[in-house]
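# Chain and residue survey
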Amino acid sequence: MELTPDIILNGQNATKKLPVAAYGGAEIEIKPLSSGVYETLARKHKITPNMQNADQYRWLMEVCKEGIVNETMKGLVPKMTYDAVGEIGKAILEYSSASDKEIEDFTKPAQDS
C-alpha cells in the first residue's frame, strides 16, 4: 500500500471517546497530535527522560490543550484534577503513536456488518 495525502489528511481528522477514570468514566473526545504540533510542544518543554514531575505535568497540560477536541473542555484543562490531566494527556500521546495494525485497519475501507 502506498501512503497518500488522503491517508494523512484523514488521520488528522480521527477522534475517539476516552472514558476518564478520574471523573467516574465520563467520556471526553480526543484527537492525535500531528508531528508538527508534537515537535513544537517537545521543543517548548525540552522533553527529556529525566524531567521533573512539575515539568511533566506542564507538558501533559499542553498535550491536553492540543488533543482535546471540544474547545470549552480545552479551556478547562487548568481546572482538571492532576490525575485527569495525566490520564488524558498520556492517552492522547498513545493515540498519536498508532501501531502498525491500527494504521493498517484505519486505511481499510469500512465493512458493513
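For clarity, every value in this text was computed on a predicted model and none was experimentally measured.

Now for the overall build of the protein chain. Helices and strands together make up the secondary structure of the protein chain, namely six helices and two strands. Counting every position in the protein chain, which comprises 113 residues, the buried fraction comes to 27%. Residue pairs in contact within the protein chain that sit at least 24 positions apart in sequence constitute 58% of those at least 6 positions apart. Of the roughly 8000 Å² that the protein chain leaves accessible, carbon and sulfur atoms contribute 52%.

Each regular strand carries side chains that alternate between the two faces of the sheet. For strand β1 (residues 16-20) and strand β2 (residues 26-30), the ladder comprises five bridges, and the chain directions are antiparallel. In the sheet register, L18 faces β2, and the bridge partner there is I28. Joining the antiparallel neighbours β1 and β2 is a turn of five residues, in which G24 adopts a positive phi near 65°.

So, how was this worked out
Residues numbered from 1 in each chain as written. Predicted model: local features only at pLDDT ≥ 70, side-chain atom pairs only at ≥ 80, totals over all residues. Heavy atoms only, no water. Helix = DSSP H or I, 4+ residues; strand = E, 2+ residues; numbered from the N terminus. Buried < 20%, exposed > 50% of the residue type's maximum accessible area, 1.4 Å probe, protein only. Contact = heavy atoms within 4.5 Å. Areas by Shrake-Rupley, 256 points an atom, 1.4 Å probe, with all protein chains shown as cover. Pairing = 2+ DSSP bridges.

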